Amino acid sequence: MTIGGHLDSLYRLPAYTFPGPDAGTEDLPEPDAFAWRITADAYGDGEDWTTAFARFCAAVDTTRVRALIVGGWAEAYEMPPSGVIEALLAARERFPALRALFLGDMVMEECEISWINQTDVTPLLAGFPALEEFGVRGGTGLRFPAVSHGALRRLVVETGGLPAEVVRGIGASDLPALEHLDLWLGTPDYGGDSEVADLEPILSGARLPRLRHLALRNSEMQDAVAAAVASAPVVERLEVLDLSMGVLTDEGAGALLGGQPLTHLKKLDLHHHYLSGPFVERVRQTLEPAGVEVDLDRDGAEEDTEDGGRVWRYVAVGE
Amino acid sequence: VIAIPVVRPASSTGLRFAVVGNPGSRRVSLFGDAVRAAGLSGPRVVPWTDVLRERGADFAADEIVRVDSPGEDAEVDRVLRGVADPTRVEGSARWYAAFTAALRGLRGGVRLDDPDDLAVLFDKRRCHAVLDQAGIPVPASPTSGPDGAPVRGWDDLRALMREHRMPRVFVKPAHGSSASGVLAVETGGGRVRATTSVELTADGRLHNSLRVRRYEREQDLAVIVDALAPDGLHVERWLPKASQRGRATDLRVVVVAGRATHAVVRTSRWPLTNLHLGGGRGDLDAARRAVEAAGVRWSDVLGVCERAASCFPRTLCVGVDLLPAIDWRRAFVGEVNAFGDLLPGLTGLPGSGAEGLDTYGAQVAAVLRAPARPGPLHPYRTGTPHA
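Report on the accompanying structure. (Residues numbered from 1 in each chain as written. Chains lettered and ligands numbered in written order. Predicted model: local features only at pLDDT ≥ 70, side-chain atom pairs only at ≥ 80, totals over all residues. Heavy atoms only, no water.)

Turning our attention to the overall build of chain B. Looking only at helices and strands, chain B has eleven helices and 15 strands in total. Each of the three principal axes of chain B carries a C-alpha extent, and together these read 70 × 50 × 35 Å. Among the 387 residues that make up chain B, the fraction classed as buried is 61%. Of the accessible surface of chain B, which amounts to about 15,300 Å², a share of 50% is contributed by carbon and sulfur atoms. Counting 51 positive and 44 negative side-chain charges, chain B places the averaged centre of each group 3 Å from the other. (Helix = DSSP H or I, 4+ residues; strand = E, 2+ residues; numbered from the N terminus. Buried < 20%, exposed > 50% of the residue type's maximum accessible area, 1.4 Å probe, protein only. Areas by Shrake-Rupley, 256 points an atom, 1.4 Å probe, with all protein chains shown as cover. Lys, Arg positive; Asp, Glu negative; His and termini not counted. Charge placed at Lys NZ, Arg CZ, Asp CG, Glu CD.)

Here you go:
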């Protein structure tokens, strides 16, 4: 599967796409009421991202903008968003209220997730120390050397393949305010070369005292992730555990249920799974009586069986 | 302005239809139903097999002649394409030559189509150029019209994509239909990939399948494109389409006598939205709301389709594939289909004049309301304002 729709909100603000150059700017909404989505023209010879951003800065009181969504930039299949990052950093004095930023909100029809070229995104965190939410889509070329950031509460990295170096960089980061961590680990086919050992600093929770929501998902090694989570110290402080979108089978679910109790969770999200009927029941019977909301929607997860009997299972978002 | 069709029959009670088609096909049956529902006797069915065997057919001067698709009939397909296996992708150039020759053999009657229009509609390169010259928004194409670049194979395609800075394109057999042989090709970062319903078998043959698949090895793409190229290829920039509930979305809009009468939304998890490839029907009301929320009038969206249809003024009905841009503020014409009216059970748009009628009923009604005019066939005008 692929990414089909743009973000509909960020920082609990509904997304609003800043109109193109031929539309008027008279009727724009209040700057602080929406998450502004700024995108390059995807239809050929139109405006590039930095030009759209310059227009945005001229049309909107940027001192009141709280959330920005970077959509597509020109030739995202070939080029990282270096110019985007430079433009944002150059304008940082004009965005004192900015609290949320998402980089690369492109759908399949614009650029498949694993074809989006990324780069080192941590200068944005350094440049916006008050940022509370940061998200990025696309793992190709993505780098995330360890950072310290005192305000970040939510970090989302959506990929079809998350480089191990990024996993390690996030694990080694100092993020004392982080409450919500969402990593799409992806598949080795698209550069997701992390191993469970790379997750250890996250699973220990040593540097993540405020973590309440942990998503380690969309993983080809979802079973191994689940098994590691089963004994991870961080779990006891979580309200939401999300192991969805990956290749989770009875093996991983069995390991998860055989580990530490999960009955303190508010929610366990396993949607898009490959569990057998009995295991679905087992998960439900173990957790639902304790008041845990369990998402076991199969959500289109389908096995392909080759003539030779080999079974193929897929993560929810690869490509 | 009401579209000005067709013909006044010699006698008002003697209106009679003929249809060139494959007897027993859904198309012929549904058209016959529509004629009978209008209180007329059913159309004379002239089988494509007869037309092809006898190199033509004759019609009475007052017979109203509908030409319907020769498709979905293995024997007709074999004769037209010269390929025994109906699932094979190749042979569309021969199909085109045989089909247009057969059209020229239809003599007499009052035609609801036009051989010259059909010759353009079944050549995507010519069709693109006609639309482009008329100012209809279409995706950019390096193969448009008679001066378009030839695509002799994979190397030509790669060169065109580079030269025209089109890292993502649709590659379509110039004379294909129903997504047969269509590839959505994307390149970037040293990678290449095609999404298509073409199945490349181990012996290098190409078959149409009902399953969309992906090829990521350049040698596979080269084999496929090299095999398709002799039939003629049309290349267009792949413009990102809007989405509905996370699925790529386009519209099929049927235009009858200049007026957009029927529309469906098609959605897919693939860039190819054809219903037989697992696409589903989307939500037309939601599409309209999305368009209006983007500050665009729905009538302007339908107007794009009507303007596209107006490029084929001697053809009563076409099906326009409209590609809404991702922000719903713009829309592009992806295809104009001569036989794009097979939408069983779908009734007309509110205010279109075809409410309660299917696409076939709308065409019969358009013929019946034709004002009295002598002579053969009058162009179908467009420009009808929508409420």
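Broken down by element type, chain A carries eight helices and 14 strands. Rg of the C-alpha trace for chain A: 20 Å, near the compact-globule value of 20 Å for 319 residues, within the 12% margin. Projected onto its principal axes, the C-alpha positions of chain A cover 60 × 45 × 35 Å. Classification of the 319 residues of chain A by burial places 56% in the buried group. (Rg over C-alpha atoms; globule rule 2.2 N^0.38 Å.)

So, about the interface of chain A and chain B. In this complex, chain A contributes 26 residues to the contact, which on the side of chain B involves 28 residues. Around 2,300 Å² of area is buried between chain A and chain B when both sides are counted, 50% of it from carbon and sulfur atoms. The largest share of the area that chain A buries against chain B comes from Tyr43, Glu109 and Trp115 of chain A, three residues that together contribute 38% of it. Applying the counting criterion to the chain A and chain B interface returns five salt bridges. (Contact = heavy atoms within 4.5 Å. Buried area = accessible area lost by both parts, 1.4 Å probe. Salt bridge = Lys/Arg side-chain N within 4 Å of Asp/Glu carboxyl O.)

Another aspect to go through is the sheet that holds strand β8 (residues 206-215) of chain B. Residues and elements named next belong to chain B. Taken in spatial order, the five strands make up an open sheet running β8-β7-β6-β5-β9, and their pairing is antiparallel. Looking at the sheet topology across the chains shown, the edges are occupied by β8 and β9 (233-237). Neighbouring strand axes in the sheet, compared pairwise and without regard to direction, differ in orientation by 25° on average. In terms of strand pairing, strand β5 (residues 168-173) meets β9 through five bridges, oriented antiparallel. Across the sheet, Val171 pairs through a bridge with Val235, a residue of β9. Sheet strands touched by helix α7 (residues 154-163): β5, β6 (183-188), β7 (191-200) and β9. Its angle to β6, the strand with the most contacts, is close to 60°. Sheet strands touched by helix α8 (residues 218-228): β6, β7, β8 and β9. Its angle to β7, the strand with the most contacts, is close to 55°. (Pairing = 2+ DSSP bridges. Axes fitted to C-alpha atoms, helices over the stretch in contact; angles between N-to-C directions.)

In terms of residue burial, strand β15 (residues 331-337) of chain B counts as a mostly covered element, since seven of its seven residues are buried. Counting the residues that bridge the hairpin from strand β14 (residues 317-324) of chain B to β15 of chain B gives six residues, and of these Trp328 of chain B lies at a positive phi of roughly 65°.

On to the environment of Ser82 of chain A, then. Residue and element names in this part refer to chain A. For Ser82, the location among the structural elements is in helix α2 (residues 82-90). For Ser82, a relative accessible area of 30% puts it in the partly exposed group. Along the chain, Ser82 and Phe102 lie 20 residues apart, while their C-alpha atoms are 14 Å from each other.

Right, let's talk about the pattern of salt bridges for a bit. Per the counting criterion, the structure on display carries 53 salt bridges over all chains. For Asp62 of chain B, the salt bridge identified is with Arg16 of chain B, shortest N-O distance 3.0 Å. One end of the pair, Asp62 of chain B, is in strand β3 (residues 57-67); the other, Arg16 of chain B, is in strand β1 (residues 16-21), and 46 residues separate them in sequence. A relative accessible area of 36% places Arg16 of chain B in the partly exposed class. Put simply, Arg88 of chain B and Glu90 of chain B hold a salt bridge, and the shortest N to O gap is 3.1 Å. Judged by its relative accessible area of 16%, Arg88 of chain B falls in the buried class. Among the residues examined, Glu90 of chain B registers a relative accessible area of 14% and is labelled buried. Each of Glu112 of chain A together with Arg168, Glu186, Arg193, Arg214 and Glu216 of chain B takes part in one network of salt bridges that share partners.

Residues and elements named next belong to chain A. What α2 keeps buried is the set Val84, Ile85, Ala87 and Leu88. The arc that holds every buried residue of α2, seen down its axis, measures 165°, which confines them to one face. What points out from α2, more than 90 degrees from its buried face, is the exposed set Glu86 and Ala90. Where α2 is buried, its residues contact α1 (49-59), β4 (67-70), β5 (100-103) and α3 (122-127). (Arc of directions from axis to C-beta.)

What follows deals with the environment of Glu133 of chain A. Residue and element names in this part refer to chain A. Position of Glu133 relative to the elements: it lies in strand β6 (residues 133-137). Given a relative accessible area of 13%, Glu133 falls into the buried group. Measuring from C-alpha to C-alpha, the distance between Glu133 and Arg154 comes to 4.6 Å, with 21 residues separating the pair along the chain. Those residues in contact with Glu133, other than ones at most four positions away along the chain, are Leu10, Tyr11, Arg99, Ala100, Leu101, Leu152 and Arg154. A distance of 3.3 Å separates the side chain of Glu133 from the backbone nitrogen of Tyr11, its partner in a polar contact. (Polar contact = N/O pair within 3.5 Å; in protein donor to acceptor, adjacent residues only side chain to side chain.)

Attention now moves to the packing of helix α3 (residues 74-81) of chain B against helix α4 (residues 92-104) of chain B. Residues and elements named next belong to chain B. Two elements in contact, α3 and α4, have axes whose closest approach is 7 Å; the angle formed by their N-to-C orientations is 95°. The pairing of α3 with α4 is recorded here as roughly perpendicular in orientation. Contact residues: α3 offers Asp77, Val79, Leu80 and Arg81, while α4 offers Ser92, Arg94, Trp95, Ala98 and Phe99. (Parallel < 35°, antiparallel > 145°, perpendicular 65-115°, else oblique.)

Next up on the list: unusual backbone geometry. With a phi close to 60°, His272 of chain A is a non-glycine residue in the positive phi region. Locating His272 of chain A in the fold gives a position in the loop between β11 (267-269) and α8 (277-287). You can call His272 of chain A buried: its relative accessible area is 5%. Unlike most non-glycine residues, Ala257 of chain B shows phi in positive territory, near 50°. With respect to the helices, strands and loops of the structure, Ala257 of chain B is situated in the loop between β11 (247-256) and β12 (259-268).

Attention shifts here to the pairing of β8 of chain B. On a regular strand, one side chain projects to one face of the sheet and the next to the other, so that they alternate. Residues and elements named next belong to chain B. Taken across its ten residues, β8 has seven buried, putting it largely inside the fold. Alignment of β7 against β8, held across six bridges, turns out to be antiparallel. Of the residues in β8, the one forming a bridge with Val198 is Asn208. The turn linking β7 back onto β8 is made up of five residues, and Gly204 within it adopts a positive phi angle of 85°.

Moving on, we get to the sheet that holds β4 of chain A. Residues and elements named next belong to chain A. Strands sit in the order β1-β2-β3-β4-β5-β6-β7-β8-β9-β10-β11-β12 across an open sheet of twelve strands; the sheet is mixed. Only two strands of the sheet have a single partner each, and these edge strands are β1 (9-10) and β12 (293-295). In this sheet, strand β2 (residues 13-17) lies alongside β1 in antiparallel orientation, the contact comprising two bridges. In the sheet register, Ser9 faces β2, and the bridge partner there is Pro14.

Inspection of every chain in the model, using the stated rule, returns 17 aromatic pairs over all chains. Ring geometry for Tyr16 of chain A and Phe34 of chain A: centres 5.6 Å apart, planes at 55°, overall tilted. Of the two residues, Tyr16 of chain A is situated in strand β2 and Phe34 of chain A in the loop between β2 and β3 (35-38); the sequence distance between them amounts to 18 residues. With 5.2 Å between their ring centres and 75° between their planes, Phe99 of chain B and Phe122 of chain B make a pair best called edge-to-face. Remark: Phe122 of chain B occurs in the loop between α5 (115-121) and α6 (124-133) and Phe99 of chain B occurs in helix α4; sequence separation between them is 23 residues. When its relative accessible area of 0% is taken as the criterion, Phe99 of chain B is described as buried. Residue classification places Phe122 of chain B among the buried positions, given a relative accessible area of 9%. Among the aromatic residues, those joined into a ring-pair cluster are Tyr16, Phe18, Phe34, Trp36, Trp49, Phe53, Phe56 and Phe95 of chain A. (Phe/Tyr/Trp six-rings, centres within 6.5 Å; stacked < 30°, edge-to-face > 60°.)

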